[in-house]
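Analysis of the macromolecular model
So the chains spell out like this:
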Amino acid sequence: MVRKGLEWRSLVPECLRSSFIPKRPAAALEPKKKIKIVAKQSSFQRLSYSDVSNPASPLSPEDLSTSLVGSNLYVFTLAELRLITQGFSSGNFLGEGGFGPVHKGKVDDKLRPGLRAQPVAVKLLDLEGAQGHKEWLAEVIFLGQLRHPHLVKLIGYCCEEEQRTLVYEFMPRGSLENHLFKRFSASLPWLTRLKIAVGAAKGLQFLHEAEKPVIYRDFKASNILLDSDYTAKLSDFGLAKDGPEGDDTHVSTRVMGTQGYAAPEYVMTGHLTAKSDVYSFGVVLLEMLTGRRSVDKTRPSREQNLVDWARSSLNDPRKMARIIDPKLEGQYSPKAAHKAAQLAYQCLRHNPKSRPLMSAVVDTLDALLALTDDIPVAHFVYTAPTEAHLTKRQEDDHRDEAAKKSSSPARDKAAGRYDRRRRSVGVRSPKALTKFGFSDTSLRNKDYARVYQNAAAAARSHGAT
Ligand SMILES: Nc1ncnc2c1ncn2[C@@H]1O[C@H](COP(=O)(O)OP(=O)(O)OP(=O)(O)O)[C@@H](O)[C@H]1O
Ligand SMILES: [Mg+2]
């Protein structure tokens, strides 16, 4: 059953739908709407997602770029993106998530005035996939306007016919997920883990404390990207939500997110608060402490859910030592690990009100960076990675990924090798959803579809939007 009001069409302004190439010049737009947009920009207020996703006041692509004019976003053509990624070649393939494939590209200083030469990551919508325009628009609206050292920088976008693309700063060390869980990746040292935790926490704190607060809703290890010095930056704002305003304590929404990371009260009721992000932060902190995935179906049944397995050990230093990541080989501060475990425990509390604010999380973790005197002295020779090592490792990673995925409809089509028309935009087939245990076709992402069936039902019965 497709729920009325949840179809992509109802969420997307008319002129930004799949056939949205503007039929009228920007000057012909109704003056009322123009005034509204200009007023928002002149007061330097962040444009809300609801401002542009309201079907009653559709925005043209020109309006979108005008509205975001202060954000310094570049609008690229697909031909330009093809050029900088060498035709979305498999050699430049970085990986693929729910939105579509990601390729490395190289921008030179002649592409756009003011845009410096740099490597970029180009994320291309998979037109056959589960995500669509809505996620693209959320990314452009949120990440296009929010700037912070711990948020990945959106450089620009492309929107041609039905194709949607996002261009980001390139993050040389990829995602935290790859570092923690890839079988052959070297173990992240203790202090590097703490540095990443502090950085990611600062990113969330910034979102929660913004003038118009943002709930991130998809905090997980794969969405934490790492710069060359392991500075953590949050990516993927496709699920982000403007926080509650005025006296409201929460926003009601469809249950979306990723199994194992989403807060239980949100899963059960669809009520979303900043404390839902705090819970997800607790899960990632636990992943960093234990080196285990939030959900791991390959483990014995009582160990498959990380939070259930670890919770009772977090407040007891002796038990804690038993669950710490063996890949650390004892090279960590027991004092700091115990405090981090207690912090994870607090973030994972069932009652959202008992969870700490992200500002408190940042303060606690920051202090742990100084606890180094009880880290055992290691007897090994450390070779600092050089630029050449890094490049080699990226090349190896790219080769692995490319071998796994030698062809992708989105990449092939963008490269001009593929000409199948897209039949529907972002609505998953009922058959595919049934495979994931869902009867509701409004849940559109393969990951999000993994969120528990009863949760979606509960959210529906609460009249979530
Ligand atoms: N800015 C970037 N710089 C370098 N690599 C990136 C960048 N953005 C994404 N990647 C890589 O591309 C891959 C896919 O990322 P993407 O965010 O699309 O999917 P995901 O996070 O794995 O899944 P999900 O759709 O659930 O978010 C990841 O392996 C990530 O490391
Ligand atoms: Mg991601």
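Here the structure is a predicted model, which is why all the values come from computation and not from measurement.

Where helix α10 (residues 274-290) contacts helix α14 (residues 358-368), the axes come no closer than 11 Å and their chain directions differ by 25°. Compared by their axis directions, α10 and α14 come out roughly parallel. For the crossing formed where α10 meets α14, the hand is right-handed. Taken together, the residues of α14 that come into contact with α10 (itself represented by V278, F281 and L285) are M358, V361 and L365.

A separate point is the coordination of the magnesium ion (ligand 2). Here the magnesium ion (ligand 2) is held by the protein donor atoms N223 (OD1) and D236 (OD), which lie 1.9 to 2.0 Å from it. Taken as a pair, N223 in the loop between β7 (214-215) and β8 (224-226) and D236 in the loop between β9 (232-234) and β10 (241-242) lie far apart in primary sequence, 13 residues in all. Look at N223 and you get buried, because its relative accessible area is 2%.

Moving on: the pattern of salt bridges. On inspection of all chains with the given rule, the structure shows 15 salt bridges. R292 is the partner of E303 in a salt bridge, and the nearest nitrogen-oxygen pair spans 2.9 Å. In this pair, E303 is assigned in the loop between α10 and α11 (306-310) and R292 in the loop between α10 and α11, connecting sequence segments eleven residues apart. Accessibility expressed as a relative area gives 17% for E303, which makes it buried.

Right, let's talk about the packing of aromatic side chains for a bit. Counted by the stated rule, this structure contains six aromatic pairs. Relative to Y157, the ring of W136 lies with its centre 5.5 Å away and its plane at 85°, an arrangement referred to as edge-to-face. Taken together, the positions of W136 in helix α6 (residues 133-145) and Y157 in strand β5 (residues 154-160) put the pair 21 residues apart, joining distant regions of the chain. A relative accessible area of 3% places Y157 in the buried class. Pairing Y216 with F219 gives two aromatic rings, centres 6.3 Å apart and planes at 70°, and the pair type is edge-to-face.

What follows deals with the site of ligand 1. Taken together, 21 residues are adjacent to ligand 1, and G98, E169, M171, K220 and D236 come closest. Within the side chain of K220, an N or O atom sits 2.6 Å from an oxygen atom of ligand 1. Expressed as a share of its isolated accessible area of 620 Å², the protein-covered part of ligand 1 is 92%. Of all the elements in the fold, those that place two or more residues in the shell around ligand 1 are β2 (93-96), β4 (118-124) and β6 (163-169). Here the shell around ligand 1 gets three residues from one element, more than from any other, and that element is β2.

Among the secondary structure elements, V361 is positioned in helix α14. Residues V361 and V278 lie 83 residues apart in sequence; the distance between their C-alpha atoms is 8.8 Å.

Bringing the side chain of K123 into the picture now. With respect to the helices, strands and loops of the structure, K123 is situated in strand β4. For K123, the side chain forms a polar contact with the side chain of D236, separated by 2.5 Å. Not counting chain neighbours up to four residues away, the residues in contact with K123 comprise F99, G100, P101, V102, R164, T165, L166, Y168 and D236.

Structurally, A344 is set in helix α13 (residues 334-347). For the pair A344 and V307, spaced 37 residues apart in the sequence, the C-alpha separation amounts to 9.7 Å. Ignoring any residue separated from it by four or fewer positions in sequence, one finds A344 in contact with G282, L285, L286 and L314.

The buried fraction of β6 is high, at seven of seven residues. As judged from the six bridges shared by β5 and β6, these two strands associate in the antiparallel manner. Residue pairing across strands places G156 opposite V167, the latter belonging to β6. Between β5 and β6, which follow one another and run antiparallel, lie two residues, and E161 among them has a positive phi close to 45°.

Each strand in a sheet pairs with its neighbour through backbone hydrogen bonds, running either in the same direction (parallel) or in the opposite one (antiparallel). Here we have six strands laid out as an open sheet, ordered β1-β5-β6-β4-β3-β2, and mixed in their pairing. Strands with a single pairing partner mark the edges of an open sheet, and in this sheet they are β1 (74-75) and β2. Examined bridge by bridge, β2 and strand β3 (residues 101-107) share three bridges and lie antiparallel to one another. Each residue of the ladder has a partner; that of E96, found in β3, is P101.

The subject of this paragraph is the confidence of the model for the chain. Put simply, the chain has an average pLDDT of 77, and 67% of its residues get 70 or more. A low-confidence stretch, residues 1-43 stays under pLDDT 50, and its non-local contacts, those more than four residues away or across chains, total 84 contacts. Here residues 417-465 is a poorly scored stretch, pLDDT under 50, and it has 120 contacts once near neighbours within four places are set aside; other chains count.

By secondary structure assignment, the location of S175 is in the loop between β6 and α7 (176-181). Given a relative accessible area of 9%, S175 falls into the buried group. What S175 contacts, discounting residues up to four positions off in sequence, is A221, S222, I224, L225 and L226.

What follows covers the packing of α13 against α14. At a minimum axis separation of 10 Å, α13 and α14 run at an interaxial angle of 170°. For the element pair α13 / α14, the angle class is roughly antiparallel. In the packing of α13 onto α14, the handedness of the crossing is left-handed. Between α13, through A336, K339, A340, L343 and C347, and α14, the contact on the second element is made entirely by V361, T364, L365 and L368.

The rules we used
- Residues numbered from 1 in each chain as written.
- Chains lettered and ligands numbered in written order.
- Predicted model: local features only at pLDDT ≥ 70, side-chain atom pairs only at ≥ 80, totals over all residues.
- Heavy atoms only, no water.
- Axes fitted to C-alpha atoms, helices over the stretch in contact; angles between N-to-C directions.
- Helix = DSSP H or I, 4+ residues; strand = E, 2+ residues; numbered from the N terminus.
- Parallel < 35°, antiparallel > 145°, perpendicular 65-115°, else oblique.
- Left-handed = near helix turned anticlockwise from the far one by under 90°.
- Contact = heavy atoms within 4.5 Å.
- Donors = N, O, S within 2.8 Å, 3.2 Å for Na, K, Ca; no water.
- Buried < 20%, exposed > 50% of the residue type's maximum accessible area, 1.4 Å probe, protein only.
- Salt bridge = Lys/Arg side-chain N within 4 Å of Asp/Glu carboxyl O.
- Phe/Tyr/Trp six-rings, centres within 6.5 Å; stacked < 30°, edge-to-face > 60°.
- Near = heavy atom within 4 Å.
- Polar contact = N/O pair within 3.5 Å; in protein donor to acceptor, adjacent residues only side chain to side chain.
- Areas by Shrake-Rupley, 256 points an atom, 1.4 Å probe, with all protein chains shown as cover.
- Pairing = 2+ DSSP bridges.
- pLDDT = per-residue confidence, 0-100.

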